[in-house]
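Take a look at the letters that make up each chain.
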Amino acid sequence: MPVKIRLQRHGKKGKPFYWIVAADARAKRDGRFLEKIGTYNPNTNPATINLDVDGAVQWLENGAQPTDTARALLSYKGALLKKHLKGGVKKGAITEEQAEEKFQAWISEKEAKIANKAAGLKADADKIAAEALEAEKAVNEARIAANAPEPEVEEPAAASEDATGEEE
């Protein structure tokens, strides 16, 4: 029975939400699966991925083949790296502790990158909101200036008095 690690679509129309599952390759896309490994929500920025890395590595070691998108998600979360490091441990190239240390270093670096991206997106959104507020204030000030009553000028009134004085 060939096993695939693939995405199973959930969510409503236009708002996809995926489960990352290990399923028989012959099963339907949204049909039977062997194990739910995680979730993937592409609607958020950055995308939210929850993955049981150890479960995914176990399936990969047992011969499960990920689809292209699932492979990208597994790589993003470090499951493929962990499988690679486990292979090095089995061959005796590195020890279990060294492999775990390398994996944790990679995870912390990846989390820092994600946090920086989220902070950058928030800063950009705040900047855009501030610019929109300034533009709105300028439009409101222009509208108030256009609708303000014009002050009466006294010169025409003085001219009319002179005109009446001359007639006398």
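A brief structural summary. Remember, predicted model here, so these are calculated numbers, not experimental data. (Residues numbered from 1 in each chain as written. Predicted model: local features only at pLDDT ≥ 70, side-chain atom pairs only at ≥ 80, totals over all residues. Heavy atoms only, no water.)

1. Notes on the overall build of the chain
So, step 1. When helices and strands are counted, the chain shows five helices and five strands.
So, step 2. Ordered by position from the N terminus, the helices and strands of the chain form the series β-β-β-β-α-β-α-α-α-α.
So, step 3. On C-alpha atoms alone, the chain measures out to a radius of gyration of 33 Å, which is more than a quarter above the 15 Å that the 2.2 N^0.38 rule sets for 168 residues.
So, step 4. In terms of principal-axis extent, the alpha carbons of the chain reach across some 120 × 40 × 15 Å.
So, step 5. Scored against the burial criterion, the 168 residues of the chain give a buried share of 24%. (Helix = DSSP H or I, 4+ residues; strand = E, 2+ residues; numbered from the N terminus. Rg over C-alpha atoms; globule rule 2.2 N^0.38 Å. Buried < 20%, exposed > 50% of the residue type's maximum accessible area, 1.4 Å probe, protein only.)

2. Considering unusual backbone geometry
Glycine aside, negative phi is the norm for most residues, and most peptide bonds take the trans geometry.
So, step 1. In this model, Asn45 is joined to Pro46 through a cis peptide bond whose omega is -5°.
So, step 2. Mapping Pro46 onto the fold places it in the loop between strand 3 (35-41) and strand 4 (48-51).

3. A look at the packing of aromatic side chains
So, step 1. Per the counting criterion, the structure on display carries two aromatic pairs.
So, step 2. Considering the side-chain rings of Trp19 and Phe33, the 5.9 Å spacing of their centres and the 85° angle between planes classify their relative orientation as edge-to-face. Taken together, the positions of Trp19 in strand 2 (residues 17-24) and Phe33 in the loop between strand 2 and strand 3 put the pair 14 residues apart, joining distant regions of the chain.
So, step 3. Given the relative accessible area of 24%, Trp19 is considered partly exposed.
So, step 4. Judged by relative accessible area, Phe33 falls into the partly exposed class, the value being 32%.
So, step 5. The residue whose ring lies beneath Lys36 is Trp19, and the NZ or CZ to ring-centre distance is 4.1 Å. (Phe/Tyr/Trp six-rings, centres within 6.5 Å; stacked < 30°, edge-to-face > 60°. Lys NZ or Arg CZ within 6 Å of the ring centre and 35° of its normal.)

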